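# Fold and contact review
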Amino acid sequence: MSDVTTKSQTNTSQNSYTNILTATEDNIAIVTLNRPKVLNALNHELMTELTDALAGFDQDSAIGAIVITGGDRAFAAGADIKEMSDETAINIMLQNKFATWDKIRAVKKPIIAAVSGFALGGGCELMMNCDIIIASETAQFGQPEINLGVIPGAGGTQRLTRIVGKYKAMELILTGRPVTAAEALAMGLVNRVLPVELYLEEAKTLAKQIAGKSQVAVQLAKEAVLKNYDMSLTEGLEFERKNFYMLFASDDQKEGMKAFLEKRPAKFTGK
Ligand code: HXC
């Protein structure tokens, strides 16, 4: 059993990241998304830094589990709409910028999401890429892409459906309605819900507990669970991403994202 009762020492790493913070505490790593002014909107640079940090901790034999968090107000309010709004279907497809996300799936060590505030769109999808989810009572989850004239593009249509079932996923994805932490707990979208002062500590405690187990067993267990979960997921993910890219050829995507940035309701034409 790991010794989690001794006083923890948090070491904040010196690194060149500008959109995330990284730290280690005992045998775990903590990655904090750090674009608070835009509610941790997930731009390409942040995702590159995040996946780079995850790969580094995955290789570090002193680390047994990784916590991803975003601060109390927002885990992440989605992919960066400003960055995406002027994309064209061809450019976004050829550059395949969202392929960075696939690197999260390659991480062998368990990842625990500590989620408070907004976990929307890509934020909710990032969370669903994690292995265990600890939420605060203020957390709110959703896939609001439909309001921007697009659809989830980083696994939402596939993972949410597998987690909560067809009808609930369909409702959330087609209406964009956010759900509370209590509702998310009831639908099995999160492991547990704690007061905002406690959720991060709970996630760290759980991470340390797991990090104290046999690392090879933990990694093989994670791999086996995901193998079962993953069957026939790949085709669905490819299909989803193609459709997501394709939507950048639509007027509604341009209008939906422009309207968001101009803080006005979108006028969709269905074209
Ligand atoms: C860029 C964002 C953003 C986002 C918030 N901001 N979400 N910027 N991309 N996803 C910015 C706002 O423009 C604003 O900047 C600042 O963060 C604070 O946000 P407010 O809207 O002023 O805060 P509030 O009124 O509290 O509303 C919070 C909110 C709202 C409900 C979360 O911001 C919101 O609806 N955000 C968009 C959520 C969304 O649609 N996510 C899906 C994105 S598409 P300024 O400069 O005005 O202060 C997506 C596709 C995934 O995720 C595809 C694959 C990865």
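Note that the structure is a prediction, hence the values are computed from the model and not measured.

What counts, and at which threshold
- Residues numbered from 1 in each chain as written.
- Predicted model: local features only at pLDDT ≥ 70, side-chain atom pairs only at ≥ 80, totals over all residues.
- Heavy atoms only, no water.
- Helix = DSSP H or I, 4+ residues; strand = E, 2+ residues; numbered from the N terminus.
- Rg over C-alpha atoms; globule rule 2.2 N^0.38 Å.
- Buried < 20%, exposed > 50% of the residue type's maximum accessible area, 1.4 Å probe, protein only.
- Contact = heavy atoms within 4.5 Å.
- Areas by Shrake-Rupley, 256 points an atom, 1.4 Å probe, with all protein chains shown as cover.
- Lys, Arg positive; Asp, Glu negative; His and termini not counted.
- Charge placed at Lys NZ, Arg CZ, Asp CG, Glu CD.
- Near = heavy atom within 4 Å.
- Polar contact = N/O pair within 3.5 Å; in protein donor to acceptor, adjacent residues only side chain to side chain.
- Nonpolar A, V, L, I, M, F, W, Y, C, P; charged D, E, K, R; others polar.
- Disulfide = S-S within 2.5 Å.
- Core = buried A, V, L, I, M, F, W, Y, C linked by side-chain atoms within 4.5 Å.
- Phe/Tyr/Trp six-rings, centres within 6.5 Å; stacked < 30°, edge-to-face > 60°.

## Quick notes on the overall build of the protein chain
- Check the secondary structure of the protein chain and you find twelve helices and eleven strands.
- In summary, the protein chain has a C-alpha radius of gyration of 18 Å against a globular reference of 18 Å for 271 residues, a match within 12%.
- Per-residue burial over the protein chain gives 48% buried out of 271 residues.
- Taking the intrachain contacts of the protein chain between residues at least 6 apart in sequence as the baseline, contacts between residues at least 24 apart amount to 70%.
- For the protein chain, the exposed surface amounts to about 13,400 Å²; the carbon and sulfur share of it is 57%.
- Averaging the locations of the 29 positively and 32 negatively charged side chains of the protein chain gives two centres separated by 2 Å.

## With respect to the site of the ligand
- The full set close to the ligand counts 26 residues, and Ala77, Ala79, Ile81, Gly122 and Lys263 are the nearest of them.
- At 2.9 Å from a nitrogen atom of the ligand is found a main-chain nitrogen or oxygen belonging to Ala77.
- Within the backbone of Ala79, one N or O atom sits 2.8 Å away from an oxygen atom of the ligand.
- Of all the secondary-structure elements, those providing two or more residues to the shell around the ligand are helix H2 (81-84), strand S7 (118-120) and helix H5 (122-128).
- Tallied by class, residues from the shell around the ligand come to 16 nonpolar, four polar and six charged.

## Notes on the state of the cysteines
- Going through the model one piece at a time under the given rule, you end up with zero disulfides.
- The thiol sulfur of Cys124 is not disulfide-bonded, and the nearest other cysteine sulfur, from Cys130, lies at 11 Å.
- Taking relative accessible area as the criterion, Cys124 reaches 1% and is therefore assigned buried.

## A closer look at the nonpolar core
- In terms of nonpolar packing, the biggest core is built from 56 residues, with Leu33, Leu50, Phe75, Val115, Met127, Phe141 and Leu189 touching the most fellow members.
- With six residues, helix H1 (residues 44-59) is the single largest residue contributor to this core.
- Ignoring sequence-local partners within four residues, the contact set of Leu50 consists of Ile20, Val31, Leu33, Ile68 and Leu126.
- The next biggest cluster of nonpolar side chains, apart from the first, holds 16 residues, and it includes Val67, Ile112, Ile134 and Ala207.

## Notes on the packing of aromatic side chains
- Applying the stated criterion to the full structure yields three aromatic pairs.
- With a centroid separation of 6.1 Å and 50° between ring planes, the pair formed by Phe244 and Tyr245 is classed as tilted.
- Take Phe244: its relative accessible area is 4%, and that puts it in the buried class.
- Seen from their ring centres, Phe244 and Phe248 are 5.3 Å apart, and the 75° between their planes marks the pair as edge-to-face. Across this residue pair, the class does not change: Phe244 and Phe248 are buried.
- Members of the aromatic cluster, each reached through a chain of ring pairs, are Phe98, Phe244, Tyr245 and Phe248.

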